[in-house]
Amino acid sequence: IEARAKEVKEALPLPMALVLFLELFFHDRAVNAPCTAVFVGWILCLIFASLRFNDGVHVKPSSLEVVDGVLFGLCWQTKVERKRRGTKFAVAPVGMLPADSTDAEGSVRRPWLEIFLELFAVHAGGDRDFWMFEMVALDRFGDGPITYHRGMRVLRAVLSDAVVSFAPADKKQEYFEIVSKVTWHSLRVTLLNSAVHAGVDALP
């Protein structure tokens, strides 16, 4: 319990450059490795909605709704909400890539969230009480929900792949060291940390 509490308190936020690499990695895998792209898209959802791991698991796909391009959802069981009403969250169609960024063919990239929702419907849709499946092999889902420790290994693996693919050569080692210290709670604190450093008012 002490170790877990320490891990949460000392969670290392992801540098926003690493979030950018992750977004590029998502686009890179969307065509040839759709299940991996769905997993990476889910990670981006956790980052941009500042969700805890358990919150991100306890979401029924049927509760997800898109309004004006924004993904709204409901976590049905959370650490901070015990009245069984659930906790609402939103993922805006934003990212680290400029809106007019292009791929290798010169085509303008669509927002990652839009592509994620399409891939999710095809490869991980259905009525159940959890959002993300366990990754049991390279680009293959299992039947049950993602678990904390195995999911963490896959999280670090995709972050490492994103660094290999997109980080500048002279910065790769620095990012690998960050990835080795990443926990699930890092995803929750990334945007909050970035907002604090940007001088954004905390209350809104």
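Bear in mind that the values here come from a model prediction, so they are computed numbers and not experimental data. (Residues numbered from 1 in each chain as written. Predicted model: local features only at pLDDT ≥ 70, side-chain atom pairs only at ≥ 80, totals over all residues. Heavy atoms only, no water.)

Digging into the nonpolar core
Right, on to step 1. Formed by 60 residues in total, the largest nonpolar core has its most connected members in Phe-39, Trp-42, Phe-116, Trp-131 and Trp-184.
Right, on to step 2. In terms of residues, this core owes the most to one element, helix α3 (residues 34–49), which gives 13 residues. (Core = buried A, V, L, I, M, F, W, Y, C linked by side-chain atoms within 4.5 Å. Buried < 20%, exposed > 50% of the residue type's maximum accessible area, 1.4 Å probe, protein only. Helix = DSSP H or I, 4+ residues; strand = E, 2+ residues; numbered from the N terminus.)

Digging into the side chain of Glu-134
Right, on to step 1. By secondary structure assignment, the location of Glu-134 is in strand β4 (residues 133–137).
Right, on to step 2. An unpaired buried charge is present at Glu-134: no salt bridge exists, and Arg-150, the closest side chain of opposite charge, is 4.5 Å distant.
Right, on to step 3. Setting aside its immediate chain neighbours within four residues, Glu-134 contacts Arg-140, Phe-141, Gly-142, Gly-144, Pro-145, Ile-146, Thr-147, Arg-150 and Gly-151. (Lys, Arg positive; Asp, Glu negative; His and termini not counted. Salt bridge = Lys/Arg side-chain N within 4 Å of Asp/Glu carboxyl O. Contact = heavy atoms within 4.5 Å.)

With respect to the packing of aromatic side chains
Right, on to step 1. Taken as a whole and judged by the stated rule, the model has 13 aromatic pairs.
Right, on to step 2. The interplanar angle of 25° and the centroid separation of 5.9 Å between the aromatic rings of Phe-48 and Trp-112 together place this pair among those described as stacked. With a gap of 64 residues between them, Phe-48 in helix α3 and Trp-112 in helix α5 (residues 112–123) connect regions that are remote in the sequence. For the pair formed by Phe-48 and Trp-112, the shared burial category is buried.
Right, on to step 3. Residues Phe-53 and Tyr-148 carry aromatic rings whose centres are separated by 5.3 Å and whose planes lie at 85° to one another, so their mutual orientation is edge-to-face. Taken together, the residues span a long stretch of sequence, with Phe-53 in helix α4 (residues 53–57) and Tyr-148 in helix α6 (residues 148–166) at a distance of 95 residues.
Right, on to step 4. Among the residues examined, Phe-53 registers a relative accessible area of 8% and is labelled buried.
Right, on to step 5. Chaining the aromatic ring pairs together yields one cluster made of Phe-26, Phe-48, Trp-112, Phe-116 and Phe-120.
Right, on to step 6. Taking the ring centre of Phe-130 as reference, the NZ or CZ of Arg-128 above it sits at 5.0 Å. (Phe/Tyr/Trp six-rings, centres within 6.5 Å; stacked < 30°, edge-to-face > 60°. Lys NZ or Arg CZ within 6 Å of the ring centre and 35° of its normal.)

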